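The primary structure of each chain is shown beneath.
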Amino acid sequence: MKFAFIPVQERGQVDRLLEELAARLMAEGAKLAGVVQINAEREGAHHCDMLVQVLPQGPQFDISQKLGNGSRGCRLDVSALEQAVASVQAFLDQNPDIDLLIINKFGKHEAFGRGFRDLIAEILSRDVPVLLGVNPMNRPAFDEFAGGTAVELDANEAAIYQWCRDNSLLPAQ
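Definitions and cut-offs
- Residues numbered from 1 in each chain as written.
- Predicted model: local features only at pLDDT ≥ 70, side-chain atom pairs only at ≥ 80, totals over all residues.
- Heavy atoms only, no water.
- Core = buried A, V, L, I, M, F, W, Y, C linked by side-chain atoms within 4.5 Å.
- Buried < 20%, exposed > 50% of the residue type's maximum accessible area, 1.4 Å probe, protein only.
- Helix = DSSP H or I, 4+ residues; strand = E, 2+ residues; numbered from the N terminus.
- Contact = heavy atoms within 4.5 Å.
- Pairing = 2+ DSSP bridges.
- Axes fitted to C-alpha atoms, helices over the stretch in contact; angles between N-to-C directions.
- Parallel < 35°, antiparallel > 145°, perpendicular 65-115°, else oblique.
- Left-handed = near helix turned anticlockwise from the far one by under 90°.
- Nonpolar A, V, L, I, M, F, W, Y, C, P; charged D, E, K, R; others polar.

1. A few points about the nonpolar core
Judged by nonpolar contacts, the single largest core of 32 residues is most densely connected at Phe3, Leu101, Phe116, Ile120, Leu132 and Phe142. At the level of secondary structure, the elements contributing two or more residues to this core comprise β1 (3-7), β2 (32-41), β3 (48-55), α2 (78-94), β5 (100-106), α4 (117-125), β6 (130-134) and α5 (139-146). The element best represented in this core is α2, accounting for 6 residues. Phenylalanine 116 has contacts with Val35, Leu81, Ala84, Val85, Val88, Ile103 and Glu110, leaving out every residue within four places of it along the chain.

Here is the structure:
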């Protein structure tokens, strides 16, 4: 099984890495599916807007609720996330032959058995490599889901790129 994750250590770090990696791989001719997260800072706010871009060139979904600056609860817009999941699934139904699935993160929704969880399992069952981020809060649920099959990668662009090259059927450079 070709399954790897990057532990989230600082806000936005893995999001930027995966976004840049996806752009690089697609420029090299890779057939990707999934989502990358783009964080858009809001003026005067301590929270950012979380947007997910469906790969390779699908729609963008704002997956953050606008709860106000003083909010402390979960900002995830579950409905928007599920729309993103449906969009990725629709793309895969039309384009089953992909080189790599990238998911911005195994988050709280996946930890509870929803979100991208079933899609990740489906793609792994096809022997297609999967790469995603995991934050510390959801690491126990991810470890249970992965069952020891996922490789932990350092948040290092070169190492992540090399894993993708070594574990997928990406076009020759």
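On we go from here.
2. Quick notes on the pairing of β5
Along β5, 6 of the 7 residues are buried, which leaves the element largely enclosed by surrounding structure. Sheet topology note: the β5/β6 ladder contains 4 bridges and is parallel. If you follow phenylalanine 106 over to β6, its bridge partner there is valine 134.

3. Focus on the packing of α2 against α4
Two elements in contact, α2 and α4, have axes whose closest approach is 10 Å; the angle formed by their N-to-C orientations is 25°. Compared by their axis directions, α2 and α4 come out roughly parallel. Crossing of α2 over α4 shows left-handed handedness. Across the interface between the two elements, Val85, Val88, Gln89 and Leu92 from α2 touch Leu119, Glu122 and Ile123 from α4. Of the residues assigned to the contact of α2 with α4, the class counts are 5 nonpolar, 1 polar and 1 charged.

4. Structural notes on the packing of helix α1 (residues 13-27) against helix α6 (residues 157-166)
Interaxial distance between α1 and α6 falls to 11 Å at its minimum, and their mutual angle equals 50°. The angle between α1 and α6 places the two elements in the oblique class. Crossing angle aside, the handedness with which α1 passes α6 is right-handed. For the pair formed by α1 and α6, the contact residues are Leu17, Glu20, Leu21, Arg24 and Leu25 on the first element and Glu157, Ile160, Tyr161 and Cys164 on the second. Looking at the contact of α1 with α6 residue by residue, the classes come out as 6 nonpolar, no polar and 3 charged.

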